[in-house]
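# Observations on the three-dimensional arrangement
Spelled out, the chains give:
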Amino acid sequence: MKKEIKKCIQRVLKDLPAGFRNERTIGETIKCALFAWIRRQGLIPVPSYRPPRRQEEPLPLVALDQEGNVIYAFAIAPVITLGPIKTFKIVEAKEKYFITYSQMRKKVEESRFFLTPDVTHVHVGEG
């Protein structure tokens, strides 16, 4: 699954014109690519998901099944950050992914410290 998600994102990032590549645009482009991928899986994409009655930072995107269960949960950032990791801890999801895209590979590797065993890290670079 990790390879499938990575390829999907890299295809879309490859088409993003160089003049439009900035941190925010890349992150939103990744979210859009995942949104479409979730739909193709027959699931329901929900952006900016915050667990009910919780104050933790929202996750950029989750995928729900028809019964409203969280199947996939996604965090998207240049490097791994603590806020989404805390939210992942309270979200019951079949699979949890933290997508990073910074070109500073060393910073990405250093940020892996925050990962927990139930979160899969996918680094896509800038495409």
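Residues numbered from 1 in each chain as written. Predicted model: local features only at pLDDT ≥ 70, side-chain atom pairs only at ≥ 80, totals over all residues. Heavy atoms only, no water.

Across its full length, the protein chain carries four helices and five strands. Counting from the amino terminus, helix and strand elements in the protein chain follow one another as α-α-β-β-β-α-β-α-β. Taking the principal axes of the C-alpha coordinates as reference, the protein chain spans close to 40 × 30 × 25 Å. In the form shown here, the protein chain has an accessible surface area of approximately 7300 Å², with 51% of it arising from carbon and sulfur atoms. Taking the average location of the 22 positive side-chain charges in the protein chain and that of its 14 negative ones, the two points are 3 Å from each other. (Helix = DSSP H or I, 4+ residues; strand = E, 2+ residues; numbered from the N terminus. Areas by Shrake-Rupley, 256 points an atom, 1.4 Å probe, with all protein chains shown as cover. Lys, Arg positive; Asp, Glu negative; His and termini not counted. Charge placed at Lys NZ, Arg CZ, Asp CG, Glu CD.)

Here five strands make up an open sheet; going across it, the order is β1-β2-β3-β4-β5 and the pairing mixed. Single-partner strands in this sheet number two, and they are β1 (44-49) and β5 (119-123). Taken over all neighbouring pairs, the strand axes of this sheet differ in orientation by 25° on average, direction set aside. The strands touched by helix α1 (residues 2-14) are β3 (70-77), β4 (95-100) and β5; relative to β5, the strand with the most contacts, the crossing angle is about 35°. Lying on the sheet, helix α2 (residues 23-40) is in contact with β1, β2 (59-64), β3 and β4; it crosses β3 at an angle near 165°. (Pairing = 2+ DSSP bridges. Axes fitted to C-alpha atoms, helices over the stretch in contact; angles between N-to-C directions. Contact = heavy atoms within 4.5 Å.)

Disulfides are covalent bonds that link the sulfur atoms of two cysteine residues. Applying the stated criterion across every chain, the model contains zero disulfides. With no disulfide of its own, Cys8 lies closest to Cys32 among cysteine sulfurs, the gap being 11 Å. (Disulfide = S-S within 2.5 Å.)

For the coordinates displayed, the defined rule picks out four salt bridges. The partner of Glu56 in a salt bridge is Arg54, with the nearest N and O atoms 3.1 Å apart. Residue Glu109 pairs with Arg112 through a salt bridge whose shortest N-O separation is 3.8 Å. We classify Glu109 as partly exposed; its relative accessible area is 38%. Counted as one network, the salt bridges with shared partners bring together Arg105, Glu109 and Arg112. (Salt bridge = Lys/Arg side-chain N within 4 Å of Asp/Glu carboxyl O. Buried < 20%, exposed > 50% of the residue type's maximum accessible area, 1.4 Å probe, protein only.)

With that settled, consider a positive patch on the surface. On the surface, Lys3, Lys7, Arg11 and Arg40 cluster together into a positively charged patch. Secondary-structure assignment places Lys3 in helix α1. (Patch = residues over 30% accessible without salt bridge, like charges linked within 9 Å, V, L, I, M, F, W, Y side chains within 5 Å.)

This part is about the pairing of β4. In terms of burial, β4 is a largely internal element, five of the six residues being buried. Relative to β4, β3 is paired through six bridges, and the arrangement is parallel. Note that in β4 the partner of Ala77 across the bridge is Thr100. Note that the unit made of β3, helix α3 (residues 82-90) and β4 has a crossover that is right-handed. You can see the chain leave β4, run along helix α4 (residues 105-111) and come back into β5, and the turn it takes is right-handed. (Right-handed = clockwise from strand over helix to strand, strands pointing away.)

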